[in-house]
Amino acid sequence: MKNNLYLWSLILSLVLSFQTELYSQFSPGDLSNAHSNLEGMSNCFKCHTAGDKVPNSKCLDCHTQIQNLQNNGRGYHSNSEVTSKNCITCHSEHHGRNFQLIRFDSKNFDHNKTGYKLTGKHESLKCESCHQSKNIANADLKKKGKTFLGLEKNCASCHSDIHSGTLGKECQNCHSVEGFVPVKGFDHNKAAFVLTGAHKRVDCSKCHRTEKINGKDVKVFKGISFFSCQSCHKDIHEGKFGADCTSCHNTESFSQVRMANFDHGKTAFPLLGAHTKVKCSSCHGDNLLSKPKHELCTDCHSDYHSGEFTEGEIVKNCAECHSINSFSPSNFTIEKHNKIRFPLLGAHLATPCTNCHLQEEKWKFKKTEISCISCHTDFHGEELSKKYMPGDECQACHNNMSWNTVKFDHNLTGFNLLGVHSKLECKSCHFNQESNKFLFASVSGTCKSCHNDVHLGQFESDKNENVCTDCHSFENWQPSKFSHQNTKFPLTGAHSKLECSKCHKTGKIENKEVVIYKIENFLCASCHY
Amino acid sequence: MSPLTHRIYITLFFVIAISSFLLLAINGFGYYSTPLTERPFSDLHSALKPSGTLGHFLGIAGSIMMGVGVSSYMLRKRVRALFKFGTLKNWLEFHIFLCVTGPVLVLFHTAFKFGGIVSISFWSMTAVVLSGIAGRFIYTQIPRSVKGNELDITEIKRLQNELSEKLKEDYNLDEKVIDKIDSLSSKILTQSNSTFTDFFKALGLKLKVNGEINRLKTELLQKQIPESLAIQICSTAKEKVMLDGRVKILKSMHALFRYWHIFHLPFAITMFVIMIIHIIAVLIFSF
């Protein structure tokens, strides 16, 4: 028996000597890594209470974050189902260093018990999406790395505030957990700037621009100036119509202009004269916002003159002739006309424009020819030799004052007007009553061509067509140039005292009574019987 | 206790021990085969962990069984007043039953998690159980009476003679066969000076005896001895050869049995001491 005791003592001593620490003899297993600092005999009662297992109070003495959460009624550990349990029910220990003190079943975890119900998009998120150190504000918890503690219920706990605090912290007032966009909770009608008309259809970013705030690109929603349209819209009128765009425009469409209030006079093309009575669409078409060219009249008006006044491709200024009040009458004055190559002189001053410029019901102004016959009919036709119309100009005889006032050097014709001829009107010789024409070429220049031969051919001579001039002068019809002495029967004696009719009796030639001057029988008996 | 009652008694112990082991093993295989760090998350953890509803019960039950098994046997063995209560052999069998089944329950109580001071208790228990099996073997190698009392050398000699006489007279075997049976033990087992060599010889004794007896049976049958008679002869011959063999290693077995005692008991005491410390620790820390 004595030997037995020795052996037993030896065995027991050997077995115990293998144990490096007495503690390990009592510990049912290694503590997990999280609690490894509590290994050791002296630490047992830091967690255990004799006869009372591991009271929650011991756990919470160290786990003050949990204690705080419970005190504040927050988090999963404040849920009644959890508080009714001992800590070690879920977080048992002494299962080895690698034991997961927290075995989190993310698939079956009821997040409602945390006091933060996962809804909407949050339901499909992985735990790590929210539960990560960067979302934890508490510095101590942040150091832990992997922890489900430390998140706040407010959105900013996990979500970065892309508004950089400009819209406050109540994200849910606008956004929902169903998705950051669309912003279902936001009603622009409750904003200071109520969206109307086309504003309802405009993308938010059109008005809510991105600005740099604290080095971040932030879409600005608050503090946007909207009291004038120019806050967002560029004033294409460059201030000419004032600041109140609504006086003409409405929010439905920029092109729906309230014409009653529109002052075209403020545009670059003030409406004057007849333009004030023209319908908008005549110039602007269907789109009042269209900006028709207006530098040239032809930008709107067709060129009635079909390029007559076009130099190169530019139509000369219509205003030189037309006024804005009406296309006609033209304000192309005589003075202006007189400055062109065909000044209006004489009768042309009183001539209606139509006489020269309205041809075949079409006004024509640009004339290549300005000769008289380009307008006037050559009344004389073949009767007037071209040598008297140099350059088809009539000025050789006529002037601008009147057709009837003819100034012509008749000497040029070789038929000098002498005596009574110089006192006669032209028409006395040149106008033919029957044909109602002036005859020139047809007037041969012989006496007979104008005068009737009252002598019925008694003095005709083949040698001299103007045999009349042998007796008559141009002063009168008295035969002043006749001398009976030069005849075959010179008067002598009593004969020289006799009246002509004593000898020259009335006879008949061609059954016409006529004084017979040509006496062939000079016998005395022929008179004295 | 009649042989039948004894057989039922032993069978019942065997069935209870084996079925306990199988039921607990099958029931908790999923849990026990789970890594230690995963077990707390098993649905069976609350029941099968050492402090669980079933695990704790197994620990208490197993401890009680071992306590009762050890103490009852020791008391019966050592307290004279109790000598009259049953045979020591039956108490030993009861001791073996409790101290095999109890460790089985404790084994499942540990949930196969061996650590800390209580592991000393567990491994001491294991040593006690294994040594108990060895002790039981050594115990059986020492010739005993029907009641289990150890036979002295005179009684052994008389028993050997009785068996020889039985072979000669009851079965009318000729001298050659008798001589051969007498020489079998010498053929099978040679005397050695080493106690432990004799232990290992004892381990193979039964097998070798069975082999020789089978050959003897063949010879008997070849001599036209009826099979039923041959079986009876072989049975007696086997008893005789085994006894002869055990007599040859009796000294060594006695020595081993002494050693066994100073091995078996200290481990048992160690087991109980640590177990008590373990119980105290549990009560204090309430794991």
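Residues numbered from 1 in each chain as written. Chains lettered and ligands numbered in written order. Predicted model: local features only at pLDDT ≥ 70, side-chain atom pairs only at ≥ 80, totals over all residues. Heavy atoms only, no water.

### What to know about the overall build of chain B
Now for step 1: Summing up its helical and strand segments, chain B has 10 helices and zero strands in all.
Now for step 2: Seen in sequence order, chain B has helices and strands lined up from the N terminus as α-α-α-α-α-α-α-α-α-α.
Now for step 3: Compactness check: chain B gives a C-alpha radius of gyration of 24 Å against a globular reference of 19 Å for 287 residues, more than 25% above the reference.
Now for step 4: C-alpha atoms of chain B, sized along the principal axes, occupy 75 × 40 × 40 Å.
Now for step 5: The 287 residues of chain B split such that 44% are buried.
Now for step 6: Long-range pairs, those at least 24 residues apart, make up 71% of the contacts in chain B between residues at least 6 apart in sequence.
Now for step 7: A total accessible area of about 15200 Å² is found for chain B, and carbon and sulfur atoms account for 66% of it.
Now for step 8: Where the 32 positive side-chain charges of chain B centre and where its 20 negative ones centre are 8 Å apart. (Helix = DSSP H or I, 4+ residues; strand = E, 2+ residues; numbered from the N terminus. Rg over C-alpha atoms; globule rule 2.2 N^0.38 Å. Buried < 20%, exposed > 50% of the residue type's maximum accessible area, 1.4 Å probe, protein only. Contact = heavy atoms within 4.5 Å. Areas by Shrake-Rupley, 256 points an atom, 1.4 Å probe, with all protein chains shown as cover. Lys, Arg positive; Asp, Glu negative; His and termini not counted. Charge placed at Lys NZ, Arg CZ, Asp CG, Glu CD.)

### A look at the side chain of His348(A)
Residue and element names in this part refer to chain A.
Now for step 1: If you trace the backbone, His-348 turns up in the loop between α12 (334-337) and α13 (353-357).
Now for step 2: Given a relative accessible area of 12%, His-348 falls into the buried group.
Now for step 3: Those residues in contact with His-348, other than ones at most four positions away along the chain, are Phe-342, His-376 and Asn-400.

### Brief notes about the environment of Cys99(B)
Now for step 1: Take Cys99(B): it is sitting in helix α4 (residues 88-110).
Now for step 2: Each C-alpha atom, one on Cys99(B) and one on Asn27(B), is 22 Å from the other, the two residues being 72 residues apart in sequence.

### Structural notes on the environment of Glu475(A)
Residues and elements named next belong to chain A.
Now for step 1: Relative to the helices and strands, Glu-475 is located in the loop between α16 (447-450) and α17 (500-503).
Now for step 2: In this structure, the C-alpha to C-alpha distance between Glu-475 and Leu-418, residues 57 residues apart in sequence, is 7.8 Å.
Now for step 3: Ignoring any residue separated from it by four or fewer positions in sequence, one finds Glu-475 in contact with Gly-419 and Val-420.

### Regarding the nonpolar core
All names here are of chain B.
Now for step 1: Counting 38 residues, the largest nonpolar core has Leu-173, Ile-181, Ile-213, Leu-216, Leu-220 and Met-253 as the members making the most contacts within it.
Now for step 2: Mapped onto this core, the elements with two or more residues apiece are α5 (117-141), α6 (153-170), α7 (175-188), α8 (195-222), α9 (227-248) and α10 (250-285).
Now for step 3: If you look at the next biggest cluster of nonpolar residues, it comprises 15 residues, including Leu-24, Tyr-31, Leu-48 and Leu-98. (Core = buried A, V, L, I, M, F, W, Y, C linked by side-chain atoms within 4.5 Å.)

### Things to note about the domain arrangement of chain B
Residue and element names in this part refer to chain B.
Now for step 1: Along its sequence, chain B is organised into domain 1 (3-148 + 256-285) and domain 2 (153-249).
Now for step 2: For domain 1 versus domain 2, the distance between C-alpha centres works out to 37 Å.
Now for step 3: The interface of domain 1 with domain 2 comprises six residues on the first partner and 10 residues on the second.
Now for step 4: There are zero salt bridges connecting domain 1 and domain 2.
Now for step 5: At the boundary of domain 1 with domain 2, the tally comes to zero residue pairs in polar contact (both at pLDDT 80 or more).
Now for step 6: Per element, the largest residue contribution to the side of domain 1 that touches domain 2 is four residues, and it comes from α5. (Domains from an automatic or database assignment. Salt bridge = Lys/Arg side-chain N within 4 Å of Asp/Glu carboxyl O. Polar contact = N/O pair within 3.5 Å; in protein donor to acceptor, adjacent residues only side chain to side chain.)

### Looking at a nonpolar patch on the surface
All names here are of chain B.
Now for step 1: Among the surface-exposed residues, Phe-14, Val-15, Ile-18, Phe-21, Leu-22 and Ile-26 lie close enough to one another that they form a single nonpolar patch of about 590 Å² accessible area.
Now for step 2: Here Val-15 shows up in helix α1 (residues 3-32).
Now for step 3: You can call Val-15 partly exposed: its relative accessible area is 45%. (Patch = residues over 30% accessible without salt bridge, like charges linked within 9 Å, V, L, I, M, F, W, Y side chains within 5 Å.)

### Some points on the packing of α5(B) against α10(B)
Residues and elements named next belong to chain B.
Now for step 1: For the pair α5 and α10, the least separation of the axes is 8 Å and the interaxial angle reads 155°. As summarised for this structure, α5 and α10 are arranged roughly antiparallel, according to the angle between their axes. Of the two possible hands of crossing, α5 and α10 adopt the one that is left-handed.
Now for step 2: Looking at the contact of α5 with α10, its residues break down into 20 nonpolar, nine polar and no charged. (Axes fitted to C-alpha atoms, helices over the stretch in contact; angles between N-to-C directions. Parallel < 35°, antiparallel > 145°, perpendicular 65-115°, else oblique. Left-handed = near helix turned anticlockwise from the far one by under 90°. Nonpolar A, V, L, I, M, F, W, Y, C, P; charged D, E, K, R; others polar.)

### Section: the packing of α6(B) against α7(B)
Residues and elements named next belong to chain B.
Now for step 1: It is the contact of α6 with α7, at a shortest axis distance of 10 Å, that shows an interaxial angle of 155°. With respect to α7, the axis of α6 lies roughly antiparallel. For the crossing formed where α6 meets α7, the hand is right-handed. Counting all contacts with α6, which are made through Ser-164, Leu-167 and Lys-168, the residues of α7 involved are Glu-175, Ile-178, Ile-181 and Asp-182.
Now for step 2: Considering only residue class, the contact of α6 with α7 consists of three nonpolar, one polar and three charged.

### Remarks on the pairing of strand β1 (residues 210-213) of chain A
Residues and elements named next belong to chain A.
Now for step 1: Across four bridges, the pairing between β1 and strand β2 (residues 216-219) is antiparallel. Each residue of the ladder has a partner; that of Lys-212, found in β2, is Asp-217.
Now for step 2: The antiparallel hairpin formed by β1 and β2 contains two residues in its connecting segment, where Asn-214 sits at a positive phi of about 55°. (Pairing = 2+ DSSP bridges.)

### So, α7(B)
Now for step 1: Look at α7(B): 20 Å from first C-alpha to last across 14 residues, which is about the 20 Å you get at 1.5 Å a residue.
Now for step 2: Buried within α7(B) are the following residues: Val177(B), Ile178(B), Ile181(B), Leu184(B), Ser185(B) and Ile188(B). (Expected span 1.5 Å × (residues − 1).)

### A few points about the pattern of salt bridges
Now for step 1: Enumeration over the complete set of coordinates arrives at 15 salt bridges over all chains.
Now for step 2: Between Asp217(A) and Lys212(A) there is a salt bridge, and its shortest N-O distance comes to 3.2 Å. Take Asp217(A) and Lys212(A): they sit in the same class, and that class is exposed.
Now for step 3: One salt bridge in this structure joins Lys386(A) and Asp378(A), with 3.6 Å as the shortest N-O distance.
Now for step 4: Bridged by salt links that share partners, the residues Asp182(B), Lys240(B) and Asp244(B) form one connected network.

### Let's talk about the packing of aromatic side chains
All names here are of chain B.
Now for step 1: The full count for this structure, using the stated rule, is 33 aromatic pairs over all chains.
Now for step 2: With a centroid separation of 4.3 Å and 20° between ring planes, the pair formed by Phe-114 and Phe-122 is classed as stacked.
Now for step 3: The class of Phe-114 is partly exposed, set by a relative accessible area of 35%.
Now for step 4: Among the aromatic residues, those joined into a cluster by ring pairs are Phe-21, Tyr-31, Tyr-32, Phe-108, Phe-112, Phe-114, Phe-122 and Trp-123.
Now for step 5: A cation sits over an aromatic face here: Arg-39 above Tyr-31, 5.2 Å from the ring centre.
Now for step 6: Over the aromatic face of Tyr-139 sits the side chain of Arg-144, whose NZ or CZ is 3.5 Å from the ring centroid. (Phe/Tyr/Trp six-rings, centres within 6.5 Å; stacked < 30°, edge-to-face > 60°. Lys NZ or Arg CZ within 6 Å of the ring centre and 35° of its normal.)

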